[in-house]
Amino acid sequence: MSIGLVLEGGAMRALYTAGVLDVFLEENIQIDGIIGVSAGVLFGVNYSSKQKGRAIRYNKKYAKDKRYMGITSLLKTGNIINNEFAYYEVPFKLDIFDEQTFEKSNTKFYATVTNIETGKPEYIEVKNVFKQMELMRATSSMPFVSKIVEYENKKYLDGGIADSIPVEKCKELGYDKVIVVLTRPIDYRKTKSNKIMAKIKYKKYPNLINTINNRYINYNNTVEKIIDMENKKEIFVIRPSRLVKIKRIEKNQEKLQEIYDLGVEDCKNKIEELKKYINETKA
């Protein structure tokens, strides 16, 4: 039996996921394959590199640094998350990502991206984080506040646009049982977005416009499917037990710690149930 893990994105909300995964490392929870979205990818790779605490550490350290993220970066570079600093300075020099351990991991890792010309999701295997850093950028390039990223001659934006929670893809990949880590409480649903914004910003890409405008429908339908699968015990879900009001580009270190700590707390509260699920799967 094989275990797949789905990681929702959500920018700094995904520090919840970082907390969950750090507990996985503490408890030696073995995962065979991960499929992540956006910040779920950026923070999730630290599970495979076995770098417990890295995601919360560097995000708290650089949250208020103008070189990292925010309006200053958006105005100067066109990206609210600064390309050079966040994706190259931090992992290569300032808080070094353990590429060697990541590559030795037996866990396959897939990043979800949105092809802006087709409006469809694509799922690309991450084999080398350093060599595929532009893929890491692509999966987490939020619409409207990020430039389009070109990777292997295709144009991409945030994977969450087309497939926010790729649970169906995880099952399609052949994993027998699936663990899903969400970054929103169970009662959260998306609302309709402003169609004019997408039409103006992405007028050259009608398929992308359609995907953006229908994202709330697809997201809400996926959430309902996940609840149904969870009730049928077809999947195991870890989600925030309460609402933490946190901005996507949150700079308050206490808020970052709070969402991370909630991930740790919620996972520890469900860890025995999770172990039972895994042991039954592999029996």
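Right above here is the structure, for reference.
Owing to the predicted nature of the structure, the values given are computational and were not obtained by experimental measurement.

## Details of the overall build of the protein chain
In terms of regular secondary structure, the protein chain is built from 12 helices and 8 strands. Rg of the C-alpha trace for the protein chain: 18 Å, near the compact-globule value of 19 Å for 283 residues, within the 12% margin. Looking at the protein chain as a whole, 57% of its 283 residues are labelled buried. The long-range share in the protein chain, meaning contacts at least 24 apart out of those at least 6 apart in sequence, stands at 74%. Of the roughly 13,300 Å² that the protein chain leaves accessible, carbon and sulfur atoms contribute 48%. Each charge sign in the protein chain was given a centre, from 49 positive and 37 negative side chains, and these centres are 6 Å apart.

## A few points about helix α2 (residues 39-48)
Burial analysis of α2 places 10 of its 10 residues in the buried class, which makes it a mostly covered element. Among the residues of α2, those classed as buried are A39, G40, V41, L42, F43, G44, V45, N46, Y47 and S48.

## Observations concerning the packing of α2 against helix α3 (residues 54-62)
Axis separation between α2 and α3 bottoms out at 9 Å; the angle between their running directions is 135 degrees. Here α2 lies oblique to α3, going by the angle between them. In this structure, α2 contributes L42, F43 and N46 to the contact, and α3 contributes R54, A55, Y58 and N59. Of the residues in the contact of α2 with α3, the class split is 4 nonpolar, 2 polar and 1 charged.

## As for the packing of aromatic side chains
A complete count under the given rule lists 10 aromatic pairs for this structure. Geometrically, the ring pair formed by F97 and F102 is tilted, given 5.8 Å between the ring centres and 55 degrees between the ring planes. Just as F97 is buried, F102 falls in that class too. Arranged with centres 6.2 Å apart and planes meeting at 55 degrees, the rings of F102 and F109 form a pair that is tilted. Among the residues examined, F102 registers a relative accessible area of 5% and is labelled buried. Grouping aromatic residues by their ring pairs yields a cluster made of Y88, F92, F97, F102, F109 and F130. Of note, K270 hangs over the ring of F236, and the distance from its end group to the ring centre comes to 4.8 Å.

## Some words on helix α11 (residues 215-231)
Counted at 1.5 Å a residue, the expected span for α11 with its 17 residues is 24 Å, and the 24 Å between its end C-alpha atoms agrees. Looking only at α11, the buried set comprises Y219, N220, T222, V223, I226, I227 and M229. Buried-residue contacts for α11 involve α8 (167-172), β7 (177-181) and β8 (235-238).

How each quantity is defined
Note on numbering: residues in each chain are counted from 1, in written sequence order. Residues qualify for local features only when their pLDDT is at least 70, as the model is predicted, and side-chain atom pairs are given and counted only at 80 or more; totals for whole chains, interfaces and linings, by contrast, use all residues. Side-chain measures were taken over the full set of non-hydrogen atoms in the model, leaving aside hydrogen atoms and water. Helix and strand definitions here come from DSSP, where helices need a minimum of 4 consecutive H or I residues and strands a minimum of 2 consecutive E residues; each element is numbered from the N-terminal end. Radius of gyration: over C-alpha atoms. The globule rule applied is 2.2 Å multiplied by the number of residues raised to the 0.38 power. Here's how the labels work: a residue is buried when its accessible area is under 20% of the maximum for its type, exposed when over 50%, partly exposed in between, all with a 1.4 Å probe on protein chains only. Any pair of residues with heavy atoms lying within 4.5 Å of one another is described as a contacting pair. Per-residue and other accessible areas follow the Shrake-Rupley method at a 1.4 Å probe size, with only the shown protein chains counted as cover for residues. Neither His nor the chain termini are counted; the positive set is Lys and Arg, and the negative set is Asp and Glu. In plain terms, the charge of a residue is placed at NZ if it is Lys, CZ if Arg, CG if Asp and CD if Glu. Every axis corresponds to a line fitted to the C-alpha atoms, with the helix fit spanning only the stretch in contact, and the corresponding angles, defined between N-to-C directions, vary from 0 to 180 degrees. Note that the term roughly parallel is reserved for angles under 35 degrees, roughly antiparallel for angles over 145, roughly perpendicular for angles of 65 to 115, and oblique for everything else. Note that Gly is not counted as nonpolar here; it falls among the polar residues with everything else outside the nonpolar set of Ala, Val, Leu, Ile, Met, Phe, Trp, Tyr, Cys and Pro and the charged set of Asp, Glu, Lys and Arg. Here is the rule: rings of Phe, Tyr and Trp (six-membered ring for Trp) pair when centre to centre is within 6.5 Å. Planes less than 30 degrees apart are stacked, more than 60 are edge-to-face, and the remainder are tilted. In our convention, an over-ring charge means Lys NZ or Arg CZ found within 6 Å of a ring centre and within 35 degrees of that ring's normal. Take the residue count of a helix, subtract one, and multiply by 1.5 Å to get its expected span.

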